[in-house]
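Observations on the model geometry
Spelled out, the chains give:
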Amino acid sequence: MADQEAWRPPRACDDYWSEWKQCKSILNLFHHYYTYGETPSCAQWKRDYQNCRAWEKTKSTVAKDALCNSERERIAEKQKHAPVWTLRKSPPADWYLPLDEDKPK
């Protein structure tokens, strides 16, 4: 019982509402349609907001689990893409030499 009282949502409920409002904005709709050719699905943000409010009011474990699963899926989605650049362990051996920008090729 103490664990349930101490648990807080990963974000404030107002953050979910703000994300939903931003997702539904005309600028975001235009940008997303221009970039991906389809309108964004904002239903998950609204569902998360409703689950957050339900947890705050009733301490519903169903709402808590739905919110936790949604955040896990969101994090997994962000981490599934590989980085564009390969990170190097140390700088190149000749990093201190001047660049050959002045010489014609």
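Structure first, text after, so check above.
Scope of this entry: the structure provided in the associated data block. Since the structure is predicted, the reported quantities are computational estimates derived from the model, not experimental observations. (Residues numbered from 1 in each chain as written. Predicted model: local features only at pLDDT ≥ 70, side-chain atom pairs only at ≥ 80, totals over all residues. Heavy atoms only, no water.)

**Regarding the packing of aromatic side chains**
The description of an aromatic ring pair uses the distance of the two centres, along with the angle that the planes make with each other. Summed over all chains, the structure comprises five aromatic pairs. Here Phe30 and Tyr34 contribute two aromatic rings whose centre-to-centre distance is 6.4 Å and whose plane-to-plane angle is 20 degrees, an arrangement assigned as stacked. Taken together, the positions of Phe30 and Tyr34, both in helix 3 (residues 26–36) and four residues apart, correspond to about one turn of that helix. Like Tyr34, Phe30 is exposed. Clustering of aromatic rings is evident, with ring pairs tying together Trp17, Trp20 and Tyr49. Of note, Lys59 hangs over the ring of Trp55, and the distance from its end group to the ring centre comes to 4.1 Å. Stacked on the ring of Trp45, the Lys or Arg Arg74 has its end atom at 3.9 Å from the ring centre. (Phe/Tyr/Trp six-rings, centres within 6.5 Å; stacked < 30°, edge-to-face > 60°. Helix = DSSP H or I, 4+ residues; strand = E, 2+ residues; numbered from the N terminus. Buried < 20%, exposed > 50% of the residue type's maximum accessible area, 1.4 Å probe, protein only. Lys NZ or Arg CZ within 6 Å of the ring centre and 35° of its normal.)

**Digging into the nonpolar core**
In terms of nonpolar packing, the biggest core is built from 13 residues, with Trp7, Tyr16, Trp45, Cys52 and Leu67 touching the most fellow members. What Cys52 contacts, discounting residues up to four positions off in sequence, is Pro9, Arg11, Ala12, Cys13, Tyr16 and Leu67. (Core = buried A, V, L, I, M, F, W, Y, C linked by side-chain atoms within 4.5 Å. Contact = heavy atoms within 4.5 Å.)

**Brief notes about the layout of surface pockets**
Approximately 390 Å³ is the volume attributed to the largest pocket. Forming the boundary of the largest pocket are Tyr36, Ser41, Gln44, Trp45, Glu73, Arg74, Glu77, Lys78 and His81. Mapped onto the lining of the largest pocket, the elements with two or more residues apiece are helix 4 (43–58) and helix 5 (61–79). Take the lining of the largest pocket: its biggest share by element is four residues, from helix 5. Residue composition of the lining of the largest pocket, grouped by class: two nonpolar, three polar and four charged. (1 Å grid on protein atoms, 1.4 Å probe; cavity = no way out; pocket = protein on both sides within 12 Å on 5 of 7 lines; lining within 4 Å. Points joined across faces, edges and corners; volume = space filled by probe spheres on them. Nonpolar A, V, L, I, M, F, W, Y, C, P; charged D, E, K, R; others polar.)

**Considering the environment of Leu97**
With respect to the secondary-structure elements, Leu97 resides in the segment after helix 5. Overall, Leu97 belongs to the partly exposed group, its relative accessible area being 44%. Along the primary structure Leu97 and Lys57 are separated by 40 residues, whereas in three dimensions their C-alpha atoms are 64 Å apart.

**Regarding a nonpolar patch on the surface**
A cluster of nonpolar side chains, contributed by Trp95, Tyr96 and Leu97, occupies part of the molecular surface with about 410 Å² of accessible area. Along the chain, Tyr96 turns up in the segment after helix 5. Residue classification places Tyr96 among the exposed residues on the basis of a relative accessible area of 57%. (Patch = residues over 30% accessible without salt bridge, like charges linked within 9 Å, V, L, I, M, F, W, Y side chains within 5 Å. Areas by Shrake-Rupley, 256 points an atom, 1.4 Å probe, with all protein chains shown as cover. Salt bridge = Lys/Arg side-chain N within 4 Å of Asp/Glu carboxyl O.)

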